Amino acid sequence: MTNRSHTTPHLRPGQLVYLPVSGAYVKEGRIRSLQSGLVTLQFTDTGGAIRVPARRLCLTPEAAEAALHKNQPPKEEPLTYLWHNVPVWMS
């Protein structure tokens, strides 16, 4: 079972919410309508709109920032190759 502490079932039209986008940044918007678990969200900065599942929305910017980093894969160490038979001209 997943922990979805940043979401709520108590969304209503006109409410200000935050949407984590592509694991990179957070967009602020207002809820315009709710239908069948989908929310029509109008962005405050551009005026554009998008329909997203209600579970993707956060009520605070801090919760949205935390949601950004939750799904990031851990950083891997860079690959290092050991060359045992290096030609003389390469050394």
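Everything below is about the structure printed above this text.
For every chain, the first residue of the written sequence is number 1, and numbering continues from 1 along that sequence. At least 70 in pLDDT is required for a residue's local features to be given in this predicted model, at least 80 for side-chain atom pairs to be given and counted, and no such filter applies to totals for whole chains, interfaces and linings, which use all residues. Side-chain calculation: all heavy atoms of the structure are included, whereas hydrogens and water are not.

1. Some thoughts on the side chain of Thr 40
Note the cut-off: Numbering of helices and strands runs from the N terminus; a helix is a DSSP stretch of H or I covering at least four residues, while a strand is a stretch of E covering at least two. Note on contacts: a residue pair is in contact if any heavy atoms of the two residues lie within 4.5 Å.
One can find Thr 40 in strand E3 (residues 38-43). When near neighbours in sequence (up to four residues on either side) are disregarded, Thr 40 contacts Arg 30, Ile 31, Arg 32, Ser 33, Ile 50 and Arg 51.

2. Considerations on the pairing of strand E2 (residues 25-35)
As a reminder of what qualifies: Two strands are counted as paired when DSSP detects at least two bridges linking them.
Relative to E2, strand E1 (residues 16-21) is paired through six bridges, and the arrangement is antiparallel. Paired with Leu 19 across the strands is Lys 27, a residue of E2. Here E1 folds back onto E2 in antiparallel fashion, the turn holding three residues, of which Ser 22 has a positive phi close to 55 degrees. The pairing of E2 with E3 spans six bridges and is classified as antiparallel. What sits directly across from Arg 30, in E3, is Gln 42. Hairpin connection of E2 to E3: two residues between the antiparallel strands, including Ser 36 at a positive phi of 50 degrees.

3. Things to note about helix H1 (residues 61-70)
Condition: The buried label applies to any residue whose accessible area, calculated with a 1.4 Å probe on protein chains only, is under 20% of its type's maximum; exposed applies above 50%, and partly exposed to all values in between. Of all possible arcs, the one meant is that of the directions from the helix axis to the C-beta atoms.
Those residues of H1 not exposed but buried are Ala 63, Ala 64, Ala 67 and Leu 68. For H1, the angular spread of buried residues about the axis comes to 150 degrees, placing them on one side. Facing away from the buried side of H1 by over 90 degrees, the exposed positions are Glu 62, Ala 66 and His 69. Buried residues along H1 sit in contact with E1 and E2.

4. Overview of the pattern of salt bridges
Cut-off, in case you're wondering: We count a salt bridge whenever a side-chain nitrogen from Lys or Arg sits within 4 Å of a carboxyl oxygen from Asp or Glu.
One pass over the full model with this rule turns up one salt bridge. Residue Lys 27 pairs with Asp 45 through a salt bridge whose shortest N-O separation is 3.7 Å. One end of the pair, Lys 27, is in strand E2; the other, Asp 45, is in the loop between E3 and strand E4 (49-53), and 18 residues separate them in sequence. What makes Asp 45 exposed here is its relative accessible area of 57%.

5. Observations concerning unusual backbone geometry
Despite not being glycine, Ser 36 shows a phi value in the positive range, around 50 degrees. Tracing the backbone shows Ser 36 in the loop between E2 and E3. Looking at Ser 36, the relative accessible area reads 82%, which means it is exposed.

6. Here we look at the environment of Val 26
Tracing the sequence through the fold places Val 26 in strand E2. When its relative accessible area of 25% is taken as the criterion, Val 26 is described as partly exposed. Each C-alpha atom, one on Val 26 and one on Pro 61, is 7.5 Å from the other, the two residues being 35 residues apart in sequence.

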